[in-house]
There are 4 protein chains.
Amino acid sequence: MLRYLSAGESHGRCLVGILEGVPAGLKIDKKQIDRELTERQKGYGRGARMKIEKDRLKILSGLRKDRTIGAPLALLIKNKDFKIDTLPSVTCPRPGHADLAGALKYDTKDIRDVLERASARSTAMRVAIGAICRTFLEGFGVKIISHVSAIGKVRAQTESFSFDQVRHNAAKSRLKCADKIAEKLMISEINNAKEAGDSLGGTFEIIAAGVPAGLGSPFHWDRRLDGALSAAVMSIPAVKAVEIGAGFLNAASRGSEVHDAIFYSSAKGFFRKTNRAGGLEGGMTNGEPLVLHCAMKPIATLKKPLASVNIRTKHETHAAVERADVCAVPACSVVGEAAVAFCLAKAYLDKFAGDTIGETKRNYEGYLKQLKDF
Amino acid sequence: MLRYLSAGESHGRCLVGILEGVPAGLKIDKKQIDRELTERQKGYGRGARMKIEKDRLKILSGLRKDRTIGAPLALLIKNKDFKIDTLPSVTCPRPGHADLAGALKYDTKDIRDVLERASARSTAMRVAIGAICRTFLEGFGVKIISHVSAIGKVRAQTESFSFDQVRHNAAKSRLKCADKIAEKLMISEINNAKEAGDSLGGTFEIIAAGVPAGLGSPFHWDRRLDGALSAAVMSIPAVKAVEIGAGFLNAASRGSEVHDAIFYSSAKGFFRKTNRAGGLEGGMTNGEPLVLHCAMKPIATLKKPLASVNIRTKHETHAAVERADVCAVPACSVVGEAAVAFCLAKAYLDKFAGDTIGETKRNYEGYLKQLKDF
Amino acid sequence: MLRYLSAGESHGRCLVGILEGVPAGLKIDKKQIDRELTERQKGYGRGARMKIEKDRLKILSGLRKDRTIGAPLALLIKNKDFKIDTLPSVTCPRPGHADLAGALKYDTKDIRDVLERASARSTAMRVAIGAICRTFLEGFGVKIISHVSAIGKVRAQTESFSFDQVRHNAAKSRLKCADKIAEKLMISEINNAKEAGDSLGGTFEIIAAGVPAGLGSPFHWDRRLDGALSAAVMSIPAVKAVEIGAGFLNAASRGSEVHDAIFYSSAKGFFRKTNRAGGLEGGMTNGEPLVLHCAMKPIATLKKPLASVNIRTKHETHAAVERADVCAVPACSVVGEAAVAFCLAKAYLDKFAGDTIGETKRNYEGYLKQLKDF
Amino acid sequence: MLRYLSAGESHGRCLVGILEGVPAGLKIDKKQIDRELTERQKGYGRGARMKIEKDRLKILSGLRKDRTIGAPLALLIKNKDFKIDTLPSVTCPRPGHADLAGALKYDTKDIRDVLERASARSTAMRVAIGAICRTFLEGFGVKIISHVSAIGKVRAQTESFSFDQVRHNAAKSRLKCADKIAEKLMISEINNAKEAGDSLGGTFEIIAAGVPAGLGSPFHWDRRLDGALSAAVMSIPAVKAVEIGAGFLNAASRGSEVHDAIFYSSAKGFFRKTNRAGGLEGGMTNGEPLVLHCAMKPIATLKKPLASVNIRTKHETHAAVERADVCAVPACSVVGEAAVAFCLAKAYLDKFAGDTIGETKRNYEGYLKQLKDF
């Protein structure tokens, strides 16, 4: 069973994670993990903090000579901006953030007690954990990518693009957007919002290719992979919606237009010509790429802040202005990949188990042969 | 900690559930539960099975004189249509259902081994469990309703309706739709689809009012209530998308148009005039009603079946035609309420604990006072 | 992941269990399960109830043609003695039972609200669940037996007996005792206690043979099999101590007398000539038989009851006299086997996973080959 | 819900832990934690390592101004002896340790891959986590102590001692033994074993006073506190037996001699004059002190090593000689306290919940009043 705990505040000493359940024998490339951490910090429209932090992962345990030994991995990312004990109190909650509900729940008149851990800074550790899971999954031929499909009202057109085109284009884009024309409009949209002291959200798509049929199960609600995947991405700060495949569009269409007809060839086995189900049927993978489409709300911290109330005086005021981005959809999309990577790695280990990578692969290959011989 | 397991096949002897963690002293009204079971079986566009089954709950344990004693509740719903061992094999998987992925995963050439448990029949038990959770929540002033917001391309207009109007209208509708004009169009839509041997999906909204601020937590990803709620509804068969509040719409708007400004009055405490966040900020309830918007794909079993492949011969064919509905969005919406009810009851018990309803209430009232005195 | 919930009161309608996670394709022999249920009801010194109940298991779901399909198994054992709603209140707590702590915790002045579920009657379902797990384990060559090693002060001498001798002798004994001479003395001991209106406890040993090295893990405390096994048996009502191997004896000896030297032959691979570790080193199985030694306290319900206090009047009185046994160590020993069977089946599925018995076996055999080739 | 993960190897860079679920507002005294870490390193009979390491805890997150904020606590203990990547391979497994089973499970020919994490060094983090839990529990008046009751064949006589006497005497003893005469004999026993190149185990008792009735529950096997406590202590490396109260002695006595008669006074409420149950009835605390008695086997690493087999050559040889202690029962006893502290803190939070210490206390005091008014 794969599991993790993470810790660390936005302006605390560091972020820490412990990932338990990775089989022995996985070769870890720290540089690749750092590249993903950097990826999370990029994107047009980010604020000052991204210039302060240059996240680098330190693996404190669980490795011998760069290979996992089956023991828990302790992970650490230093915060350059460590000053939690000297930062001033915050008394004016920002609408859209954890501030007010958190102050009430944790019964504190200093919102900093809440926002430091509630901050999206914590997602850096989530990306590090996802990066290790991705390394694991790559050994099974799984590729996970994501791309920004909209910023504010500007939508990208990528329906005609292949997996590799999307990956290639998004990698070169300042906004992780695979549609170059849309990218330009998105940059204007961000510039305009910035000028107005406002913020933007958007949507992004996560695709995981190379996943065999049969992960997850329809036999108990909490073993369904659709539920687990949506919990994974919906629990990312600011994500407020998730579709599997063509979610809302499918709901507005007839069954004959929606369901993916089944075909067979001796070369490919069973296959589909369409993938409106987003790779999930009955809560299981069906062998087609997993496709998730997510909505991120606009950043909650505004330069021109919204009306709020001082929690000590109860007087009307404006929300606190913490250092923040105008738009962070590309970063959120990177976090989304990481969340999916953890969820999928867990699903692989639930189905194939194994104390060593060799054992997991042996079990996996036995299953592939079973599918082939079906 | 509240938890449950459920069991039972579509044409098996019965459905069974065990719900563990309900405090002692909860008065159970079996009639109310049966009303909810009936509610799940209704809705224009349902098939023949709904006439066969008249679901009634039997509570086999955990009660003395109609009150819970803190012991696990064993629940049973009989299947009138019990014939699992005599039903014929199924060899042609239905696109959109668990059939193919399930046959591969469970390595069976008789899809019935899979579809019997993967069937949405299992949601009857989920409704029963949700009904008990709802009874629990009502003691804390929580009201959960749902209504159908679209069938196929027909959308209801309910933005201007109050909670009570929505409830009232939906209760009287044959489609659980609060907009009478839309309801008529929806019925035509269903008739047309039926004639075409096709099926329909749609969307529905779940609203939970009366929930205090501070359930869930932003401090660890798997304690966030947004993640838990989306897993709860996404794991309902055929649900393929979920929005919290104005999910996708928010993603296309600026921050200043999205975030719900904070106000205060001595009578109400902190409050909002808008609820675009759908009652959740930072993964916590913020005191406003919870609002989830879900998409259900069209029924996967079509009268005019889609192309498929016989899993034994590998020859092209058409999908099996199991008895089915044309449209089941109102039923799905009832299941959605139940899923939310369980998830919320668990969140209440996570926060307020208690071995007796009296203890849970005492803890809850202490918290309410803390909020009031904040 | 294997898991279960169980429900049901002593004088309720029935006991219910749901076992989730059994792979598809396991052949279930209901007669064998019923034999184990009967076994739990036997033993010299049992009370009247054992004559009333003749436990028979009903499997309500999860099977098709007597084979598991991978779906949750719903299990039911009827109570012949169903009268929970008409039985009188109990106000005098029995020392040694859940009565007083339970009344305080669940805030009830009628102890029946507590004792009905706290009763050891619930162990019948635990035996049923264990019986299914045993069937699963037998497919992997695992044999689990137990025998009574002491009743009161009378100890059996079985050190020189082989596994098969212990099994054979215990099976023929009225007290599940492998030492015939001791058995006679034990029966006198029970008769004496009975005459005195008193009760007896004792000890029993559980042995599981055929388990490969490498179940459990030393890498995280909650993955150690020694911890899981002791929780499994210690949570059986009335069990108050557990030793793994020669627990307390080992603590009084020197290391050189305790640790099991390691040998190797090409036929057997690594092996030991002694098994003082009870088959567990570093929280893992080491390939030798698992040996647990457990202590059961005397039955808490005495014919000549102990001093107690009426919880309503607070007056001194004597404990309530519920129908009860004088000695139930043989039954407890059967429950112990079942608890170990569940725990081990879970460990097998944690390590070998599999959605079908075929897949679990394929993975298992791959591991056996790895051990052989080591 | 309180939970933790820990990580770190014996000669790795450090030990790391993340403790999630501690309410906000707990004042942490780092010095007290360090005192407990030191306590774990003491005891006559310890080896060279204890002179190298002087464990000090660093709290990396979860605090602001020395108080918890409800966020996860990240904990770090540096290893002075960091050299995991340069240490030589180990090929001769030590009987009694994880070496052989671990090498087989993790399929490695270098036992160091296993022993580094399987080492009892990991218990330092367990003590740190227990120390925080103890701080939490002290706010509720809970006191947890332990003392060594036997080393090898030498037993302490402490039956007549009060809780405070045991605590006082054990604190002054070089072996955490409350019986001064026995202590002297134990030291000779250790000296003799050392001279013989051998090792010793022993027994210890853990007592937790100040716990109210009603923690744990008899209503589901995995909610029983006896099971949870025994898993907690049995999962400590080298612990091979655990008794609750007078476990094995009770099994050899009659019911009337075992069960603790119930008394009542208006001052004390319900109480007992004896505590043979060790504070647990029906899997719940009964208001009397919790008493656990544990057996630790002798250290597995011997100066005069036992017969073993080289896992590469398969030739007979002797076990590897890693640096080790002769006897570590006092240290194990400290770890036992920590394991119980975590288990109890979890039980408090399961029953009383609370996001702040204030809320937990409010709920707790409401319960105390309920008990008083019963």
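Residues numbered from 1 in each chain as written. Chains lettered and ligands numbered in written order. Predicted model: local features only at pLDDT ≥ 70, side-chain atom pairs only at ≥ 80, totals over all residues. Heavy atoms only, no water.

Explain the overall build of chain A here, please?
Of the regular secondary structure elements, chain A holds twelve helices and 17 strands. Its C-alpha atoms give chain A a radius of gyration of 22 Å, within 12% of the compact-globule value 21 Å for 374 residues. If one aligns the C-alpha atoms of chain A with their principal axes, the spans along those axes are about 70 × 50 × 40 Å. For chain A, restricting intrachain contacts to residue pairs at least 6 apart in sequence, the fraction spanning at least 24 positions comes to 71%. Surface exposure of chain A reaches about 12300 Å², of which carbon and sulfur atoms provide 53%. (Helix = DSSP H or I, 4+ residues; strand = E, 2+ residues; numbered from the N terminus. Rg over C-alpha atoms; globule rule 2.2 N^0.38 Å. Contact = heavy atoms within 4.5 Å. Areas by Shrake-Rupley, 256 points an atom, 1.4 Å probe, with all protein chains shown as cover.)

Just checking my understanding: could you explain the relation of the copies chain C and chain A for this structure?
One copy of the chain maps onto the second through a rotation around an axis plus a translation along that axis. Superposing chain C onto chain A requires a rotation of 180 degrees together with a translation of 0.0 Å along the rotation axis, leaving an RMSD of 0.0 Å. Such values leave the two copies arranged in the relation of a two-fold axis. (Least-squares fit on C-alpha atoms with pLDDT ≥ 70 in both.)

I would appreciate a short explanation of the pairing of strand β10 (residues 239-244) of chain A in the present structure.
Across a regular strand the side chains alternate sides, sitting on one face of the sheet and then on the other. With six of its six residues buried, β10 of chain A lies for the most part within the structure. Where β10 of chain A lies against strand β15 (residues 290-296) of chain A, five bridges are found, and the strand directions are antiparallel. Across the sheet, the residue bridging to Val242 of chain A is Cys294 of chain A, located in β15 of chain A. Relative to strand β10 (residues 239-244) of chain B, β10 of chain A is paired through three bridges, and the arrangement is antiparallel. Across the sheet, Ala241 of chain A pairs through a bridge with Glu243 of chain B, a residue of β10 of chain B. (Buried < 20%, exposed > 50% of the residue type's maximum accessible area, 1.4 Å probe, protein only. Pairing = 2+ DSSP bridges.)

What exactly am I supposed to notice about the interface of chain C and chain A here?
When the parts of a complex come together, some accessible area is lost, and that lost area is often taken as the interface size. Taken together, the contacts link 24 residues of chain C with 24 residues of chain A. Buried surface at the junction of chain C and chain A, summed over both partners, amounts to about 1900 Å²; 38% is from carbon and sulfur atoms. The interface formed by chain C and chain A includes nine salt bridges. The interface formed by chain C and chain A contains twelve residue pairs in polar contact (both at pLDDT 80 or more). Taken together, the residues that form the side of chain C that touches chain A break down as seven nonpolar, eight polar and nine charged. (Buried area = accessible area lost by both parts, 1.4 Å probe. Salt bridge = Lys/Arg side-chain N within 4 Å of Asp/Glu carboxyl O. Polar contact = N/O pair within 3.5 Å; in protein donor to acceptor, adjacent residues only side chain to side chain. Nonpolar A, V, L, I, M, F, W, Y, C, P; charged D, E, K, R; others polar.)

What exactly am I supposed to notice about the state of the cysteines here?
By definition, a disulfide is the covalent link that joins the sulfur atoms of two cysteine residues. All names here are of chain D. All chains considered together, the criterion is met by zero disulfides over all chains. The thiol of Cys294 is unpaired, and the distance to the nearest cysteine sulfur, on Cys332, comes to 7.5 Å. Among the residues examined, Cys294 registers a relative accessible area of 0% and is labelled buried. (Disulfide = S-S within 2.5 Å.)

How should the nonpolar core be read in this particular structure?
Counting residues in each nonpolar core, the largest one holds 168 residues, and the members touching the most others are Leu344 and Tyr348 of chain C together with Leu344 and Tyr348 of chain D. With residues up to four places along the chain from it excluded, the contact list for Tyr348 of chain D reads Phe136, Leu137, Phe140, Val142, Gly210, Val211, Pro212, Leu215, Ala353 and Tyr364 of chain D. The next biggest cluster of nonpolar side chains, apart from the first, holds 167 residues, and it includes Tyr4 and Cys332 of chain A together with Leu57 and Met186 of chain B. (Core = buried A, V, L, I, M, F, W, Y, C linked by side-chain atoms within 4.5 Å.)

When you look at the interface of chain D and chain C in this model, what are you seeing that I'm missing?
Taken together, the contacts link 106 residues of chain D with 106 residues of chain C. Summed over the shared surface of chain D and chain C, the result is zero salt bridges. Inspection of the region where chain D meets chain C yields 43 residue pairs in polar contact (both at pLDDT 80 or more). Residue composition of the side of chain D that touches chain C, grouped by class: 54 nonpolar, 30 polar and 22 charged.

Where do I start with the packing of aromatic side chains in this structure?
Pairs of aromatic rings are described using the distance from one ring centre to the other and the angle between the two planes. If you walk through the whole model with that rule in mind, you get 58 aromatic pairs over all chains. Between Tyr4 of chain A and Trp221 of chain B the ring centres are 5.9 Å apart and the planes differ by 15 degrees, which places this aromatic pair in the stacked class. With Tyr4 of chain A in strand β1 (residues 3-7) and Trp221 of chain B in the loop between β9 (202-209) and α8 (225-234), this residue pair bridges two chains. Assessed through its relative accessible area of 6%, Tyr4 of chain A is described here as buried. Plain terms: the ring middles of Phe263 of chain C and Phe271 of chain C are 5.9 Å apart, the flat faces sit at 35 degrees to each other, and that makes the pair tilted. An aromatic cluster is present here, built from Phe136, Phe140, Tyr348, Phe352, Tyr364 and Tyr367 of chain A joined pairwise through their rings. Directly above the ring of Tyr367 of chain B sits Lys351 of chain B, whose terminal nitrogen or CZ lies 4.0 Å from the centroid. The ring centre of Phe140 of chain B lies 5.8 Å from the NZ or CZ of Lys361 of chain B, which sits over that ring. (Phe/Tyr/Trp six-rings, centres within 6.5 Å; stacked < 30°, edge-to-face > 60°. Lys NZ or Arg CZ within 6 Å of the ring centre and 35° of its normal.)

Quick question: what am I supposed to make of the side chain of His220 of chain D here?
Position of His220 of chain D relative to the elements: it lies in the loop between β9 (202-209) and α8 (225-234). In this structure the side chain of His220 of chain D is engaged in a polar contact, spanning 3.4 Å, whose partner is the side chain of Arg3 of chain B. Residues within four places of His220 of chain D in sequence aside, it is in contact with Arg3, Glu20 and Pro72 of chain B together with Tyr4, Leu5, Ser6 and Arg117 of chain C.

What's the story with the sheet that holds strand β2 (residues 14-20) of chain C in this structure? I'm lost.
Hydrogen bonds between backbone atoms are what pair the strands of a sheet, whose relative direction is either parallel or antiparallel. Residue and element names in this part refer to chain C. With antiparallel pairing, four strands are arranged side by side in an open sheet as β1-β2-β6-β3. Both edges of this open sheet fall to β1 (3-7) and β3 (57-61), since each of them pairs with a single strand only. Recorded for the sheet is a direction-independent mean angle of 20 degrees between the axes of neighbouring strands. In this sheet, β2 lies alongside β1 in antiparallel orientation, the contact comprising five bridges. Residue pairing in the sheet places Tyr4 in a bridge with Leu19 of β2. Packed on one face of the sheet, helix α5 (residues 123-138) meets β1, β2, β3 and β6 (73-78) and runs near 140 degrees to β6. (Axes fitted to C-alpha atoms, helices over the stretch in contact; angles between N-to-C directions.)

Just to check I follow, could you spell out unusual backbone geometry for this structure?
With glycine set apart, most residues show a phi of negative sign, and most peptide bonds adopt trans. Residues and elements named next belong to chain D. In this structure, Lys176 takes a positive phi of about 60 degrees despite not being glycine. Locating Lys176 in the fold gives a position in the loop between α6 (163-172) and α7 (180-195). For Lys176, a relative accessible area of 11% gives the class buried. With a phi angle near 85 degrees, Ala238 is a residue other than glycine that sits in the positive phi range. By the secondary structure assignment, Ala238 is in the loop between α8 and β10 (239-244). Judged by its relative accessible area of 19%, Ala238 is buried.

What is the right way to read the sheet that holds strand β6 (residues 73-78) of chain A from this model?
Residues and elements named next belong to chain A. The four strands lie next to each other as β1-β2-β6-β3, forming an open sheet whose pairing is antiparallel. Edge positions in the sheet fall to β1 and β3 (57-61), since each has one partner strand and no second. Taking the axes of each pair of neighbouring strands and ignoring which way they run, one obtains an average angle of 20 degrees across the sheet. In the sheet, β3 pairs with β6 via four bridges, with the strands oriented antiparallel. By the bridge assignment, Ile59 is partnered in β6 with Leu75.

Explain the environment of Thr108 of chain B here, please?
As for its position among the elements, Thr108 of chain B is in the loop between α3 (99-105) and α4 (112-118). For Thr108 of chain B and Thr91 of chain B, which are 17 residues apart along the polypeptide, the C-alpha to C-alpha distance reads 9.7 Å. Those residues in contact with Thr108 of chain B, other than ones at most four positions away along the chain, are Phe374 of chain A together with Ala103, Asp113, Val114 and Ile311 of chain B. At a separation of 2.7 Å, a polar atom in the side chain of Thr108 of chain B contacts the side chain of Asp113 of chain B.

Could you clarify how one ought to interpret the relation of the copies chain D and chain C in this entry?
Aligned on chain C, chain D shows an RMSD of 0.0 Å; the corresponding rotation is 180 degrees and the shift along the axis is 0.0 Å. The residues that chain D uses at the interface reappear at the interface of chain C in 100% of cases, marking a shared surface.

Is there a simple way to think about the packing of helix α1 (residues 30-41) of chain D against helix α11 (residues 329-352) of chain D in this case?
Geometry of a packed helix pair, given as the angle between the helix axes and the separation of the axes. Residues and elements named next belong to chain D. At their nearest, the axes of α1 and α11 sit 7 Å apart, and the two run at 145 degrees to each other. Of α11, the residues touching α1 (which contributes Glu36, Glu39 and Arg40) are Ala331, Val334 and Val335. Among the residues forming the contact of α1 with α11, the class breakdown is three nonpolar, no polar and three charged.

Sorry if this is basic, but what is going on with a positive patch on the surface here?
A grouping of Arg13, Lys58 and Lys78 of chain A together with Arg13, Lys58 and Lys78 of chain D is seen on the molecular surface, where their side chains present a positively charged patch. With respect to the helices and strands, Arg13 of chain A occurs in the loop between β1 and β2 (14-20). What makes Arg13 of chain A partly exposed here is its relative accessible area of 35%. (Patch = residues over 30% accessible without salt bridge, like charges linked within 9 Å, V, L, I, M, F, W, Y side chains within 5 Å. Lys, Arg positive; Asp, Glu negative; His and termini not counted. Charge placed at Lys NZ, Arg CZ, Asp CG, Glu CD.)

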